Amino acid sequence: MLKNYTYQAVKGTRDVFPVEAYLYQRLESQARKLLACYGCGEIRTPLLEHARLFERGVGQGTDIVNKEMFFVPSKDQDEDSRKENARQMVLRPEATASVVRAYIEHEMDKVSPGVLRYYYIGPMFRYERPQRGRLRQFTQIGVEVLGSALPMIDAEVIIMLEDFLGSLGLQHLVFLLNAVGCPECRPGYIRKLQVYIRGCQSRLCGDCRLRLDKNPLRVFDCKQPVCRELMARAPVMQDDLCADCALHHEEVLSLLDRAGIKYQKDSRLMRGLDYYTRTVFEVTSSDLGAQNAVAAGGRYDNLVTELGGPPTPAVGWSLGVERILEILPREPDKSRGFFDIYVVSPGADTTRTFFKVMALRRQGLRVGLEHEPKSVKAMMKRADRWGARWALWATSKNPEKVEIKNMANGEQMSVGWEDLPQLVGK
RNA sequence: GUGGGCGUAGCUCAGUUGGUUAGAGUGCUAGGUUGUGGUCCUGGAGGCCGCGGGUUCGAGUCCCGUCGCCCACCCCA
C-alpha cells in the first residue's frame, strides 16, 4: 500500500498477536502438563540442520526432502562453492530426525539407559504452496519414545495422543490406524502389490502409473474415483505381515480396545515418510479443509540405525498446532481480563501515579496506565475493551487515596493505594 | 509445479450498460452526559479503488501485464 516498497510477511508465514498468541500458550501449556504426566521431558533441537539428515532420515523418495526443504546458504562459503554447498543446511521440515540425531550424538542410550520419552514444541518449515491448513512455517507438538519395541509402548503413545486431543474437547475427529510391516515382510508385499497394479494399469490415472514404480503404496492415497475403486480390491499389507508384525499389530489393537480407544483400521493409510514400520496412525478432522490431518505418527524401528546409532526401536507422533487451533471451539470474549486494574485518570501528580503503578506491578498486579490519557470517558471505554476488572482514578485531593470501580458490577469505592493488592489480588 | 477465485477505509464488504463529489456496517475519534465503560443519538477523521501500461472525451468498472492473497490439485501436521 506504500508507494514503492511494501514490506510484508514471507509467503506462508503469519504474525501472531497477543490475542491469538494466548491461544498458542494455552494449548502448549496444556500439552506440557499432560505429556509430563506420561514421563516425557522436553527436548529442544536446533531449527537448523544439515540437509543430509533428512535426506537419509526422512527418505530420498519423499516430497519433504525432494521439493519442500528450505535451504540456508552459509556465509563462510566462497562464491565458487556456494551453489554446491548451499544444499548443506536446511530449516527443519520435521523434528523426528533431529531428535534421533541428538539421541545418537549424545549417546543417550548410555547416558540414560532404558526407555526415553521426549516431547518437542516448535516451528517446522516446508516450502509448499500455502493453502488452508498449510503454512510454510507451522508449529508442531510431538512425542518420541525411544528404546522399546513392545506393543504396549505403541498403545501408550497412542493413548497419550488421544488423551491430549480429548482434553481439548475437539469434535469430529477420526482416528485411523494401520500396520505397514517391516523390512522382513514389506518388500514381498510391495512386489505383490505392483503385480496387482500392473494388471489394471491401463485404467489408472497418470499420476498413479508413475507411482507404480517409484512408490506403489502411494496409489492407495489417490483420490481419483477410478483408482480408489481399483485399489479397494488391491491386496492389503495386513494379509502379508510377517509373524512378528502380525502379533505386534494384534497386541496393539487389543490394548487399544481395552483402553476404550475408538479407531478405524485403514489399510490404505500410508505415511509419506520412509522411516515408518509396523504401527502407523493418523487423526483427521472433518472440520478442516483438504489438509485434514491433525496429527500423525507411527513406529520407526530402523531409523536410529539408519542414522548410525545403536539398534533402538522407537515410536512417536506429531500434531499441527495451527490446525488444532483452527478447529478449537472459539471463545467469544478474546481479550477479557487482560488487566486487573486500568488507570482512567492519573490525577494531578502523574509522576507519583506512575511510581504507584510500578509498585503494584512489582507486586504481581497487571496494571494498565496510559501516559498520554484522553478524556475519562474514552479511558473508561478502553478499560472496558481491555477487559480490565477495575477502573482506577487517582484523586488530586488526597494522593494517598484512589477511587476504584468494579467494572463487572459498577460498584465504586475509595481506598488507599496500599489496599489494592489485597482488594484486587486474585 | 498445475488449475480456479479474489485484490475498493484498520476490518468485513456494496459499487448498476464505463459518467463527474466512491458508499455501508464495524472499528477509531469528539460530543450528547462540565472526570464514569458496555445500550442509544449526533458530528468528525480515515481511500492515488494492489501496482504499471493500454482503450476512451471520461476507467473502481473494459483490455494486457505484474505483484499479492485465498482455495483446490499434489503432498502433508
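The rules behind these values
- Residues numbered from 1 in each chain as written.
- Chains lettered and ligands numbered in written order.
- Predicted model: local features only at pLDDT ≥ 70, side-chain atom pairs only at ≥ 80, totals over all residues.
- Heavy atoms only, no water.
- Pairing = 2+ DSSP bridges.
- Helix = DSSP H or I, 4+ residues; strand = E, 2+ residues; numbered from the N terminus.
- Buried < 20%, exposed > 50% of the residue type's maximum accessible area, 1.4 Å probe, protein only.
- Lys, Arg positive; Asp, Glu negative; His and termini not counted.
- Salt bridge = Lys/Arg side-chain N within 4 Å of Asp/Glu carboxyl O.
- Expected span 1.5 Å × (residues − 1).
- Arc of directions from axis to C-beta.
- Contact = heavy atoms within 4.5 Å.
- Axes fitted to C-alpha atoms, helices over the stretch in contact; angles between N-to-C directions.
- Domains from an automatic or database assignment.

Enquirer: Looking at this structure, I do not really get the sheet that holds strand β7 (residues 173–179). What am I missing?
Expert: In a beta sheet, neighbouring strands are held together by backbone hydrogen bonds and run either parallel or antiparallel to one another. With respect to topology, eight strands assemble into an open sheet ordered β1-β5-β6-β11-β10-β9-β7-β8, the strand pairing being mixed. Only two strands of the sheet have a single neighbouring strand rather than two, namely β1 (41–42) and β8 (264–265).

Enquirer: Is there a simple way to think about the side chain of R278 in this case?
Expert: Among the structural elements, R278 can be located in strand β9 (residues 277–285). Although buried, R278 forms no salt bridge, and the nearest oppositely charged side chain, D301, lies 4.5 Å from it.

Enquirer: Looking at this structure, how should I read the pairing of strand β6 (residues 137–146)?
Expert: One face of the sheet, then the other: side chains in a regular strand alternate in exactly this way. Buried residues dominate β6, accounting for nine of its ten residues. In the sheet, strand β5 (residues 116–125) pairs with β6 via ten bridges, with the strands oriented antiparallel. Across the sheet, the residue bridging to Y118 is E144, located in β6. Taken together, the seven bridges between β6 and strand β11 (residues 314–320) define a ladder with antiparallel strand orientation. Each residue of the ladder has a partner; that of G142, found in β11, is S318.

Enquirer: Please explain helix α11 (residues 243–259) as it appears in this structure.
Expert: Residues spaced three or four apart along an α-helix face the same direction, because each turn holds 3.6 residues. Here α11 spans 24 Å end to end across 17 residues, near enough to the 24 Å set by a 1.5 Å rise per residue. Within α11, burial applies to C245, H248, H249, V252, L253 and L256. Looking down the long axis of α11, one finds its buried residues gathered within 130° of arc, a one-sided arrangement. Residues A243, D244, E250 and R258 are exposed on α11 and point more than 90 degrees away from its buried face. Each element contacted by the buried residues of α11 is listed here: α7 (151–167), β7, β8, β9 and β10 (293–299). G260, located one to two residues past α11, shows a positive phi value of around 80°.

Enquirer: Please clarify how the pattern of salt bridges should be interpreted in this entry.
Expert: Close approach of charged atoms allows side chains with opposite charge to pair. In this structure the tally under the stated criterion is 18 salt bridges. E156 is the salt-bridge partner of R117, the closest N and O atoms lying 2.7 Å from each other. Of this pair, R117 sits in strand β5 while E156 is found in helix α7, placing the two residues 39 residues apart along the sequence. One salt bridge connects E326 with R132, and the closest N-O pair in it is separated by 2.6 Å. With E326 in helix α13 (residues 321–327) and R132 in the loop between β5 and β6, the pair connects residues that are 194 residues apart, well separated along the chain. Owing to a relative accessible area of 35%, E326 belongs among the partly exposed residues under this scheme.

Enquirer: Any chance you could explain unusual backbone geometry here in plain terms?
Expert: Leaving glycine aside, a negative phi is the common case for residues, and trans is the common case for peptide bonds. Even without being glycine, H172 reaches a positive phi, approximately 60°. Of note, H172 is situated in the loop between α7 and β7.

Enquirer: Could you clarify how one ought to interpret the sheet that holds strand β16 (residues 412–416) in this entry?
Expert: Ordered in space as β13-β12-β14-β15-β16, the five strands form an open sheet in which the pairing is mixed. Edge strands, defined here as strands with exactly one partner in the open sheet, are β13 (367–369) and β16. Averaged over all adjacent pairs, the angle separating strand axes in this sheet is 30°, with direction ignored. As defined by bridge partners, strand β15 (residues 401–406) adjoins β16 across five bridges and the pair is classed as antiparallel. Of the residues in β16, the one forming a bridge with E403 is S414. Packed on one face of the sheet, helix α14 (residues 350–362) meets β12 (341–345), β13 and β14 (390–394) and runs near 160° to β13. Relative to β12, helix α15 (residues 376–385) is tilted by about 170°, and along the sheet it contacts β12, β14 and β15.

Enquirer: Help me understand the domain arrangement of chain A in this model?
Expert: Frequently, the measure chosen for interface size is the accessible area that the parts lose on association. For chain A, the assigned domains read domain 1 (18–185 + 241–326) and domain 2 (334–424). For domain 1 versus domain 2, the distance between C-alpha centres works out to 48 Å.

Enquirer: How do you make sense of the environment of I104 when you look at a structure like this?
Expert: Following the sequence through the fold, I104 ends up in helix α5 (residues 96–105). Expressed as a C-alpha distance, the spacing of I104 and G206, which sit 102 residues apart in the sequence, is 42 Å.

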